[in-house]
Amino acid sequence: MHSRRALLYMPGDNWKMITKSITLGVDSICMDMEDGTAVSKKAEARVTIAKALQELDFGASEKLARINSNGSGWEQDDIEAVLPYHPDGIVIPKVESVDHIEWASKIIESAELKYGWQVNSIRVLIGIETAKGILNLKEIASHPRLDAVIFGGEDFAASIGATRTKDAVELLYARQAVIVACTAYDIQPLDIVTIDYKDIEALRVESEFGARLGFVGKQIIHPAQVEPVQTAFTPNTEAIAYAKRIVETFEASQKEGKGAYSLDGKMIDMPLLKNAQKVLERGLQSATRRIAD
Ligand code: COA
Ligand code: MG
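(A) Quick peek at the overall build of the protein. Summing up its helical and strand segments, the protein has 12 helices and 10 strands in all. Its C-alpha atoms give the protein a radius of gyration of 20 Å, near enough to 19 Å, the size a compact globule of 293 residues would have. In terms of its C-alpha atoms, the protein occupies a principal-axis envelope of roughly 65 × 45 × 35 Å. Taken across its 293 residues, the protein has 48% of its residues classed as buried.

Below, the structure is given as structure tokens:
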């Protein structure tokens, strides 16, 4: 699965921002036809994204196109406009039922067959940003074409009538629901946008909190957000070193016949080993990515 620490949006009709995005070393580039694009520019966005997919070299960045939501009346034209140019994935916003994914998956599969591409080579990422989306996650997150669930904090707050605050306590339940569903089906949970893009310190704090919750990456809207978000979602050297010590000492203690033991005055047992293994797995992914870049 592609690593998605930072997923950058830009309006699909904005050629300048699209060409800028491929210079930023960002994990995923999401050219948007939905809310980032004005109603009067939907048609222009389709043409511009198709052109970008044909003409630009995205390097190691993943190329994604976000269509309008099911029932908007635009979704069919959106997906048909970009599929012939093989994006790496389609992002469907405001998903509320697994049928929304099945609809896209069928259209994608017929394009894959028509063009002779490998079936399932075009992935689906979805936005969960309404109360119904959260309620139906159990079924939604099980779809086999799905790679990631992107949690839309602003839309979700509007959906439940919550007031957004800086520490986002009003979103905690839904963020954790997304993480739990993604973990159960081994797909990636991606966290909310920090819309105050000039406040890099707030971005760092929010990204680190999201990483601690269990998100593997975060949505961003501005080039200045790339580096802080990538750093927050890459395990640091101390975390990796500590995780390695847990794995090593755990093996030794098992040999001694002890399930629980003490390391630096803290109790270590199976759940801490599993957590350490997750940290090492993510560290390994970052190392692989550095070599690929
Ligand atoms: N992707 C790529 N490049 C971007 C960008 C983005 N999302 N946002 C800004 N840039 C570029 C600008 O074009 C500018 O390029 P230049 O230096 O070559 O001229 C540079 O980064 C600095 O931009 P800046 O002037 O600080 O921002 P702005 O005032 O032009 O734009 C926003 C601010 C918020 C309007 C803009 O960042 C944006 O549209 N973001 C995406 C919004 C979106 O897609 N929302 C929907 C999904 S939530
Ligand atoms: Mg949204």
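Now that the structure is up, let's keep going.
(B) Examining the packing of helix α8 (residues 172-185) against helix α9 (residues 200-213) more closely. Running from amino to carboxyl end, α8 crosses α9 at an angle of 50°, the nearest separation of the two axes being 10 Å. When the axis of α8 is compared with that of α9, the two are oblique. Seen from α8, the contacting residues are Leu172, Arg175, Gln176 and Ile179; seen from α9, they are Glu206, Phe209, Gly210 and Leu213.

(C) Representation of the packing of aromatic side chains within the structure. Across all of its chains, the model carries 3 aromatic pairs by this definition. A cation over an aromatic ring shows up here: Lys42 above the ring of Trp74, its NZ or CZ 4.9 Å from the ring centre. A cation sits over an aromatic face here: Lys51 above Trp15, 4.7 Å from the ring centre.

(D) Layout of the nonpolar core. Ranked by internal contacts, the top residues of the largest apolar core, which has 57 residues, are Met31, Ile90, Ile126, Ile134 and Val178. At 6 residues, the largest contribution of residues to this core is made by α8.

(E) Structural context of the sheet that holds strand β3 (residues 62-66). Spatially, the 8 strands close up into a barrel ordered β1-β2-β3-β4-β5-β6-β7-β8, and their pairing is parallel. Each neighbouring strand pair of the sheet contributes to a mean axis angle of 25°, computed without reference to strand direction. With 2 bridges connecting them, strand β7 (residues 188-191) and strand β8 (residues 217-220) associate as parallel partners. Bridge assignment links Asp191 to a residue of β8, and that residue is Lys218.

(F) Region of interest: the domain arrangement of the protein. If you check the domain split of the protein, you get domain 1 (6-232) and domain 2 (237-292). A straight line from the C-alpha centre of domain 1 to that of domain 2 covers 32 Å.

(G) Structural detail: the coordination of the magnesium ion (ligand 2). Protein coordination of the magnesium ion (ligand 2) is provided by Glu129 (OE) and Asp155 (OD), with donor distances spanning 2.0 to 2.4 Å. Remark: Asp155 occurs in helix α7 (residues 153-160) and Glu129 occurs in the loop between β5 (123-128) and α5 (131-135); sequence separation between them is 26 residues.

(H) Layout of unusual backbone geometry. Positioned with a positive phi, His86 is a non-glycine residue whose angle comes to about 45°. Mapped onto the secondary structure, His86 falls in the loop between α3 (75-82) and β4 (89-92). Phi at Asp264 takes a positive value of approximately 50°, unusual for a residue other than glycine. Tracing the backbone through its elements, the reader meets Asp264 in the loop between β9 (261-263) and β10 (266-268). With relative accessibility at 53%, the residue Asp264 sits in the exposed group.

(I) Layout of the state of the cysteines. Per the counting criterion, the structure on display carries 0 disulfides. A disulfide-free cysteine, Cys30 has its sulfur positioned 16 Å from the sulfur of Cys182, the nearest such atom. A relative accessible area of 0% means that Cys30 is categorised as buried.

(J) Geometry of the site of ligand 1. Contacts to ligand 1 come from 14 residues, most closely from Tyr9, Lys16, Met17, Ile221 and His222. In this structure, Lys20 approaches ligand 1 through a side-chain N or O atom, which is 3.4 Å from an oxygen atom. At 2.8 Å, a backbone N or O of Ile221 approaches a nitrogen atom of ligand 1. Here ligand 1 loses 61% of its free accessible area of 900 Å² to cover by the protein chains.

(K) Representation of the layout of surface pockets within the structure. Size it by volume and the largest pocket reaches roughly 1,300 Å³. What lines the largest pocket is a set of 40 residues, and nearest its centre among them are Phe215, Val216, Lys278, Val279 and Arg282. Sorting the residues of the lining of the largest pocket by element identifies α8, β7, α9, α10 (226-232), α11 (237-255) and α12 (270-292) as the ones contributing at least two each. With 11 residues, the single largest contributor to the lining of the largest pocket is α12. Class assignment of the residues belonging to the lining of the largest pocket gives a composition of 19 nonpolar, 11 polar and 10 charged. The two domains that each donate at least three residues to the lining of the largest pocket are domain 1 (6-232) and domain 2 (237-292). By volume, the second largest pocket amounts to about 440 Å³. If you trace the second largest pocket, you find 24 residues lining it, with Tyr9, Asp32, Arg66, Val193 and Ile221 closest to the centre. Contributions of two or more residues to the lining of the second largest pocket are made by β1 (6-11), β6 (146-151) and α7. Among the residues making up the lining of the second largest pocket, the classes are represented as 12 nonpolar, 5 polar and 7 charged.

Calculation criteria
Once a new chain begins, its residue numbering starts again from 1 and follows that chain's sequence as written. Chains and ligands are labelled sequentially in the order written, the chains with letters from A and the ligands with numbers from 1. Where totals are concerned, whole chains, interfaces and linings use all residues; where local detail is concerned, this predicted model gives features only for residues with pLDDT of at least 70, and gives and counts side-chain atom pairs only at 80 or more. For the side-chain quantities, the full set of heavy atoms in the structure was used; hydrogens and water were omitted. Only DSSP runs of H or I with at least four residues qualify as helices, and only runs of E with at least two residues qualify as strands; both kinds are numbered from the N terminus onward. Only the C-alpha atoms count toward the radius of gyration. The rule for a globule is 2.2 Å times the residue count to the power 0.38. To sort residues, take the accessible area from a 1.4 Å probe on protein chains only and compare it with the maximum for the residue type: under 20% means buried, over 50% means exposed, and anything in between is partly exposed. The angle between two axes is taken between their N-to-C directions and runs from 0 to 180 degrees, where each axis is a line fitted to C-alpha atoms and a helix contributes only its stretch in contact. Each angle gets one of four labels, with under 35 degrees taken as roughly parallel, over 145 as roughly antiparallel, 65 to 115 as roughly perpendicular, and the rest as oblique. A contact between two residues is defined here by any heavy atoms of the two lying within 4.5 Å. Side-chain rings of Phe, Tyr and Trp (the six-membered ring for Trp) are treated as a pair once their centres are within 6.5 Å; stacked means planes under 30 degrees apart, edge-to-face means over 60, and tilted covers the remaining angles. In this analysis the charged atom, NZ for Lys or CZ for Arg, is taken to sit over a ring once it is within 6 Å of the ring centre and within 35 degrees of the ring normal. In this text, buried Ala, Val, Leu, Ile, Met, Phe, Trp, Tyr and Cys residues form a nonpolar core when linked through side-chain atoms within 4.5 Å. The pairing criterion for strands is at least two bridges between them, as found by DSSP. The domain boundaries here were taken from an automatic or database domain assignment. Only nitrogen, oxygen and sulfur atoms count as donors, using a 2.8 Å cut-off from the metal that widens to 3.2 Å for Na, K and Ca. Water is left out, so coordination shells may look unfilled. Note on terminology: pairs of cysteine sulfur atoms within 2.5 Å are recorded as disulfides. A cutoff of 4 Å decides nearness: a residue is near a molecule or strand if any of its heavy atoms lies inside that distance of it. What qualifies as a polar contact is a pair of N or O atoms within 3.5 Å, subject to a donor-acceptor requirement within protein and to the restriction that residues adjacent in sequence count only when both atoms come from side chains. To be clear on the numbers: accessible area is Shrake-Rupley with a 1.4 Å probe, and residue cover counts the displayed protein chains and nothing else. Throughout, the protein atoms alone are placed on a 1 Å grid, and a set of points is a cavity if a 1.4 Å probe fits but cannot get out or a pocket if it is open with protein on both sides within 12 Å along at least five of seven lines; lining residues have an atom within 4 Å of a point. Grid points are joined across faces, edges and corners, and a volume is the space filled by probe spheres set on the points. Ten residue types, Ala, Val, Leu, Ile, Met, Phe, Trp, Tyr, Cys and Pro, are classed as nonpolar, four, Asp, Glu, Lys and Arg, as charged, and the remainder, Gly among them, as polar.

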